[in-house]
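Letter by letter, the chains look like this.
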Amino acid sequence: MSKPRANLRLSTKLYDALCRAAESPGVTKTAILEAALEQYLFPEKDKDLESRLLSRLDAFDIRQGAIERDVALTMETLAHFVFYWLCRTDPLPEGERDAAQALGQRRFDYFIEQVASKLATADSVSAQLYEIDR
């Protein structure tokens with residue numbers, strides 16, 4: 001069965017673009033125009049893909065908001081800690097600095113171990129704060 005014929009007029013710019021697109025092997029002007037008309041006349045076919053993409057973008061936006069909130073919380077916490085530490089800590093005398101640095105290194109290593117173990121569980125401070133924020 002043959003297809004019905006339709007004549008149409010295109011602008012020179014659009015016709016040139018159509019001709020360039022049809023230069024690829026296996027691509028015809030008819031196929032390009034049929035696909036464009038199909039998409040224009042029956043847009044509901046692409047709605048499924050569009051709705052899936054929109055839902056994924058919405059989920060991404062929610063996750064991005066949570067990340068921004070966590071970063072702001074971390075920055076605020078660190079700023080308060082540093083301010084408090086700087087206000088309350090007296091400078092060490094020259095003779096006690098090496099011992100204090102060694103003790104500080106041990107304490108820091110212990111601190112990092114504690115943070116790593118807390119992050120590995122669901123009982124982390126950030127999880128608790130996230131629950132409060134809800």
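Residues numbered from 1 in each chain as written. Predicted model: local features only at pLDDT ≥ 70, side-chain atom pairs only at ≥ 80, totals over all residues. Heavy atoms only, no water.

One pass over the structure, following the stated rule, counts three salt bridges. A salt bridge links Asp70 to Arg69, with the nearest nitrogen and oxygen atoms 3.1 Å apart. The exposure class assigned to Asp70 is partly exposed, which follows from its relative accessible area of 31%. Owing to a relative accessible area of 22%, Arg69 belongs among the partly exposed residues under this scheme. (Salt bridge = Lys/Arg side-chain N within 4 Å of Asp/Glu carboxyl O. Buried < 20%, exposed > 50% of the residue type's maximum accessible area, 1.4 Å probe, protein only.)

The next thing to look at is the confidence of the model for the chain. Averaged over the chain, the pLDDT score is 85; the fraction of residues at 70 or greater is 93%. Mean pLDDT across the elements of the chain ranges from a minimum in helix 5 (residues 125–133), with 69, to a maximum in helix 1 (residues 12–21), with 92. (pLDDT = per-residue confidence, 0-100. Helix = DSSP H or I, 4+ residues; strand = E, 2+ residues; numbered from the N terminus.)

It is at 9 Å that the axes of helix 1 and helix 2 (residues 29–41) come closest, and there the two elements cross at 115°. With respect to the hand of their crossing, helix 1 and helix 2 are arranged in right-handed fashion. Where helix 1 approaches helix 2, its residues Tyr15, Leu18, Cys19 and Ala21 are matched on the opposing element by Lys29, Ile32 and Leu33. Residue composition of the contact of helix 1 with helix 2, grouped by class: six nonpolar, no polar and one charged. (Axes fitted to C-alpha atoms, helices over the stretch in contact; angles between N-to-C directions. Left-handed = near helix turned anticlockwise from the far one by under 90°. Contact = heavy atoms within 4.5 Å. Nonpolar A, V, L, I, M, F, W, Y, C, P; charged D, E, K, R; others polar.)

Once that is clear, we can look at the packing of aromatic side chains. Throughout the structure, instances matching the rule amount to one aromatic pair. Taking the centre distance of 6.5 Å and the plane angle of 35° together, the rings of Phe108 and Phe111 count as tilted. Of this pair, Phe108 and Phe111 both sit in helix 4 (residues 97–119), separated by three residues, roughly a single helical turn. The class of Phe111 is partly exposed, set by a relative accessible area of 47%. (Phe/Tyr/Trp six-rings, centres within 6.5 Å; stacked < 30°, edge-to-face > 60°.)

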